[in-house]
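Summary of structural features
This is what each chain is made of:
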Amino acid sequence: MSLSASGSGGPARPVLAVADDLSGAAETAVALRSPGRILLGPAGAPEPPAPGESLVVDLDSRQLPAAEAARAVRDVTLTAPPGALLFKKVDSLLRGNLAAEAAAYAQNARGVVIATALPPAGRSVRDGVVRLRGVPLHETDAWRAETRPAPPSVAAALGGLPTAPVPLTAVRGGPGALRDALRACFAQGRHPVCDAETEADLDAVAAAALELGPGVRLLGTGGLAGAVGRLTGADALPSPAVPPADGGVRPVLVVVGTAEPSARGQIAHLLADGAHPVSLTTEELLGSPRRLESPTAAVTVVRVTGTAGPALARRLVAALAHTVADAARDCDLVLTGGETARRVLDALRVTDLRPVGQVHHGAVHSRTPDGRSVVTRPGSYGETDSLRRIVRSLRPTPERAAPTEPAAAAP
């Protein structure tokens, strides 16, 4: 099935998407499969996307006070050109200022179709409850780094936003039945929260929403963005590759800013391949952080050792970005964790990126205006060989080339 973002087979509408962190913005941009860019905002009114193009704005709002996050969403959505398709990227674990941002996003909309499943990461929604490989989110430890408990349902995470459930039976009941279910929710002044377990379920939700026409907005994960990309039938993005000015090959600097337990094994794979390790303790970063010198190794991986509570997390990430900023200026970058990626690029004064493709789900390859590669990836994503695959995609050898998947292959 293929249709334009207009829902009628006509010219594709421009897409304006907003995300609350950089790794999510990059995931959305590559999933949409349309030429466009990622703007590291908010920075005034962005230049609107043209028909057939997408603009994804990283609001950097996950850790903001709720009122400021809501204002950022409202300000950007007001800049949408007439007829644009609006998409709000949310965290598949329901973290961040979801209630405040969703309320701001829903203003002036005919209705918001909500689908927060992310099948490639084993995250589904059944009976309105997010499940991680079948286990309800609030019964897992996925929110261990948060200062509050995980919400028991999507509706609970959305706070006072009036919602209505759309069960799997309706999602899988055929296009007409699903469109009728969405319309019924809108008629009651409620926003539909759709169950989904597979990409086919998300395709059905996206198709029904697109066919309902302008005024209907989408809110969901990169999985829902991927459904929009598949349904609009856009081609792969052209790669804006620009070689280094001196014709040489830049070092690769890997900055691991996630506290996820899986990071240790991922780093071990890089070290086995000969990467140079740099370890920074939390005490050092929070006390008197130093500046790293420019890497001399082909691949350098910076990791943080020690622990810090949620209250110190933002300060720790800012110190990490300050520490690596000088060393990162002439490198291709691999940045894990959305806030780590944003703080490092802020330190380098990078304000926009062009998506190239993805190495694996969530590991998005983009380029800076000066042609450097930047791969961003959420901290919770990736198998044990994730960082190895990313580095090999940037520096393939003839016997083990691992090219970046084009954006059109995004899930």
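Structure's up top.
Heads up: these notes are all about the structure in this document. Not measured: the values here are computed from a predicted model.

What counts, and at which threshold
- Residues numbered from 1 in each chain as written.
- Predicted model: local features only at pLDDT ≥ 70, side-chain atom pairs only at ≥ 80, totals over all residues.
- Heavy atoms only, no water.
- Helix = DSSP H or I, 4+ residues; strand = E, 2+ residues; numbered from the N terminus.
- Buried < 20%, exposed > 50% of the residue type's maximum accessible area, 1.4 Å probe, protein only.
- Contact = heavy atoms within 4.5 Å.
- Areas by Shrake-Rupley, 256 points an atom, 1.4 Å probe, with all protein chains shown as cover.
- Expected span 1.5 Å × (residues − 1).
- Arc of directions from axis to C-beta.
- Core = buried A, V, L, I, M, F, W, Y, C linked by side-chain atoms within 4.5 Å.
- Pairing = 2+ DSSP bridges.
- Phe/Tyr/Trp six-rings, centres within 6.5 Å; stacked < 30°, edge-to-face > 60°.
- Lys NZ or Arg CZ within 6 Å of the ring centre and 35° of its normal.
- Salt bridge = Lys/Arg side-chain N within 4 Å of Asp/Glu carboxyl O.
- Bend = angle between axes of the 7 residues up to and from the residue.
- Lys, Arg positive; Asp, Glu negative; His and termini not counted.
- Polar contact = N/O pair within 3.5 Å; in protein donor to acceptor, adjacent residues only side chain to side chain.

**Points about the overall build of the chain**
Summing up its helical and strand segments, the chain has 13 helices and 19 strands in all. Taking all 411 residues of the chain together, 56% fall into the buried category. Considering only residue pairs separated by 6 or more positions, the chain has 73% of its internal contacts joining residues 24 or more positions apart. A total accessible area of about 16200 Å² is found for the chain, and carbon and sulfur atoms account for 53% of it.

**Some remarks on helix α6 (residues 175-187)**
With 13 residues, α6 should cover 18 Å at 1.5 Å per step; its first-to-last C-alpha distance of 18 Å lies within 8% of that length. For α6, the complete set of buried residues consists of L178, L182, C185 and F186. The buried residues of α6 occupy an angular sector of 100° when projected down its axis, which confines them to one face. Just downstream of α6, G189 is the residue with a positive phi angle, here 75°.

**Some words on the nonpolar core**
If you look at the biggest cluster of nonpolar residues, it comprises 104 residues, and the most contacted ones within it are V113, L137, L333 and L345. Contacts of V113, omitting those with residues within four sequence positions, involve L182, F186, P192, C194, V205, A209, V216, R217, L218, L219 and L224. In this structure, I267, V359, I390 and L394 belong to the second largest nonpolar core, which totals 17 residues.

**Side note on the side chain of K89**
With respect to the helices, strands and loops of the structure, K89 is situated in strand β4 (residues 85-89). Each residue touching K89, except ones within four places of it in the same chain, is listed here: V18, A19, D20, G24, E27, T28, G220, T221 and G222.

**Things to note about the sheet that holds strand β6 (residues 123-126)**
Spatially, β6-β7-β8 is the arrangement adopted by the 3 strands of the open sheet, whose pairing is antiparallel. On the outer flanks of this sheet lie β6 and β8 (135-136), each paired with one strand and no other. Judged from the 2 bridges that link them, strand β7 (residues 129-132) and β8 form a sheet pairing that is antiparallel. Paired with L132 across the bridge in β8 is V135.

**Points about the packing of aromatic side chains**
Within the structure shown, the criterion is met by 0 aromatic pairs. Residue placement shows R217 over the ring face of Y105; its charged tip is 5.7 Å from the ring centre.

**Observations regarding the pattern of salt bridges**
Using the criterion set out here, one finds 26 salt bridges in the structure. The shortest N-O distance in the salt bridge between R95 and D91 comes to 2.8 Å. Each member of the pair R95 and D91 is classed as buried. In this structure, R183 engages D180 in a salt bridge whose closest nitrogen and oxygen atoms are separated by 3.5 Å. On the criterion of helical spacing, the pair formed by R183 and D180 is a turn pair, its members being 3 residues apart in helix α6. Judged by relative accessible area, R183 falls into the partly exposed class, the value being 38%. Looking at D180, the relative accessible area reads 48%, which means it is partly exposed. Residues participating in the shared-partner salt-bridge network are D58, D60, R314, E339, R342, R343 and D346.

**Structural notes on unusual backbone geometry**
For residues other than glycine, phi is negative in most cases, and the peptide bonds are mostly trans. With a phi angle near 55°, D60 is a residue other than glycine that sits in the positive phi range. You can see D60 is positioned in the loop between β3 (54-58) and α2 (66-77). Positive phi outside glycine occurs at D127, with the angle close to 55°. On the secondary structure map, D127 appears in the loop between β6 and β7.

**Remarks on helix α11 (residues 313-328)**
Over its 16 residues, α11 runs 21 Å from end to end, which matches the ideal 22 Å to within 8%, given 1.5 Å per residue. The largest bend in α11 is about 25°, located at H322. Residues L316, V317, A319, L320, A321, T323, V324, A325, A327 and A328 constitute the buried set of α11. Turning to α11, the residues buried within the fold contact β12 (252-256), β13 (276-281), α10 (282-287), β14 (299-305), β15 (332-336) and α12 (338-347).

**Thoughts on the environment of S393**
In this fold, S393 is placed in helix α13 (residues 386-394). For the pair formed by S393 and Q358, sequence separation is 35 residues and the distance between their alpha carbons is 9.6 Å.

**Description of the environment of T198**
Counting through the fold element by element, T198 comes out in the loop between β10 (191-194) and α7 (199-211). Residue T198 is classed as partly exposed on the basis of its relative accessible area of 32%. Residues T198 and G122 lie 76 residues apart in sequence; the distance between their C-alpha atoms is 9.4 Å.

**Topic: the side chain of R13**
With respect to the secondary-structure elements, R13 resides in the segment before β1 (15-19). Look at R13: it is buried, it has no salt bridge, and the nearest opposite charge is E211 at 11 Å. Within the structure, the side chain of R13 is placed 2.6 Å from the backbone oxygen of G83, a separation counted as a polar contact. Within polar-contact distance, the side chain of R13 engages the backbone oxygen of A84 at 3.1 Å.

Spatial relationships are all this shows, so hold off on functional conclusions.
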